[in-house]
Amino acid sequence: MIASVRGKVAAVSLSTAIVEVGGIGIEMLCTPNTLATLRTGEEAHLPTSLVVREDSLTLFGFTDTDERTLFELLQTASGVGPKLAQAMLAVLSPDGIRLAIAGEDAKTLTKVPGIGQKGAQRIILELKDRIGAPTGTASAPAPATAAAPWRDQVTEALVGLGYNARDADKAVTAIEPEAGDQANISLLLRAALRTLSKA
C-alpha cells in the first residue's frame, strides 16, 4: 500500500501529476483542485490511495488525508467506484459531501456526473451513519493560476467527469466572464458543473 508520495513534481497534466521519488516518476490521478496546488519543479507531499484491479494498478493523489479518507469511504457504497468517488471530490468539497449525505440532500449529490436520484439516495442510505460530521478543516482554495490554460483544464476535467466535448465547451464559454485575469480552476469547474446541471 502506497500511503503517500513526497518528491519533486516532474509534470502536471490535465488529470494527472508525476512526482519523482528516488529517481522513479510516480503518476497519480488527481482532481483539478489538487492539480491546481502543484507546480512543476517544486516539492510536493500527497496522501495517496492505491486501487488494485486485475489488469491495472492506479494511484490516486489528494490534497490532504481528509480527502483520501473520504475517497476510500465513498467506495464502500454500492455502485461507487474510484472514478465516481474522485468525481464527487472534484465537484464537492469533503465537508460539502458530508453535509449532503448527513442532511439527506440527494439534489446536491446529483450534481456529480454519473449520480442519478436513485444512486444519490442509495449513497445517503448506506453512508449516513458512517460519514461523520463536517470537520471544518476543508482545504484552502487552490491558489489562482494563470488565466491562459484554464479553459483547457476545465474542459478536460468536464470530459473526464463524463460530459461530451461539445457540452463541456459550451459550459466553459458560459463561465468565461467569471474567470477574470486570474483563474481558480476549482471554482471555475464547479461553476461549469452548475451550468451543466441547469441545462
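See above for the structure.
(A) Structural detail: the environment of L84. Tracing the backbone shows L84 in helix α3 (residues 82–91). For L84, a relative accessible area of 17% puts it in the buried group. Separated by 29 residues in the primary sequence, L84 and P113 have C-alpha atoms spaced 8.2 Å apart. Sequence-distant contacts of L84, defined by excluding residues within four places in its chain, comprise G79, V112, P113, G114 and I115.

(B) Spotlight on a positive patch on the surface. Residues K107, K111, R194 and K198 make up a contiguous surface patch of positive charge. Accessibility expressed as a relative area gives 41% for R194, which makes it partly exposed.

(C) Quick peek at the pattern of salt bridges. Per the stated rule, a full pass over the model turns up 3 salt bridges. We note a salt bridge from D66 to R98, for which the minimum N-O separation is 2.5 Å. Of the two residues, D66 sits in helix α2 (residues 65–74) while R98 sits in helix α4 (residues 94–102), which places them 32 residues apart along the sequence. Relative accessible area serves as the criterion here: at 14%, D66 is assigned to the buried category. Its relative accessible area of 6% is what places R98 among the buried residues. The partner of R98 in a salt bridge is D95, and the shortest N-O contact between them spans 3.0 Å. Of this pair, R98 and D95 both sit in helix α4, separated by 3 residues, roughly a single helical turn. Here the salt bridges do not stand alone but share partners, grouping D66, D95 and R98 into one network.

Rules and cut-offs
Residues numbered from 1 in each chain as written. Predicted model: local features only at pLDDT ≥ 70, side-chain atom pairs only at ≥ 80, totals over all residues. Heavy atoms only, no water. Helix = DSSP H or I, 4+ residues; strand = E, 2+ residues; numbered from the N terminus. Buried < 20%, exposed > 50% of the residue type's maximum accessible area, 1.4 Å probe, protein only. Contact = heavy atoms within 4.5 Å. Patch = residues over 30% accessible without salt bridge, like charges linked within 9 Å, V, L, I, M, F, W, Y side chains within 5 Å. Areas by Shrake-Rupley, 256 points an atom, 1.4 Å probe, with all protein chains shown as cover. Salt bridge = Lys/Arg side-chain N within 4 Å of Asp/Glu carboxyl O. Lys, Arg positive; Asp, Glu negative; His and termini not counted. Charge placed at Lys NZ, Arg CZ, Asp CG, Glu CD.

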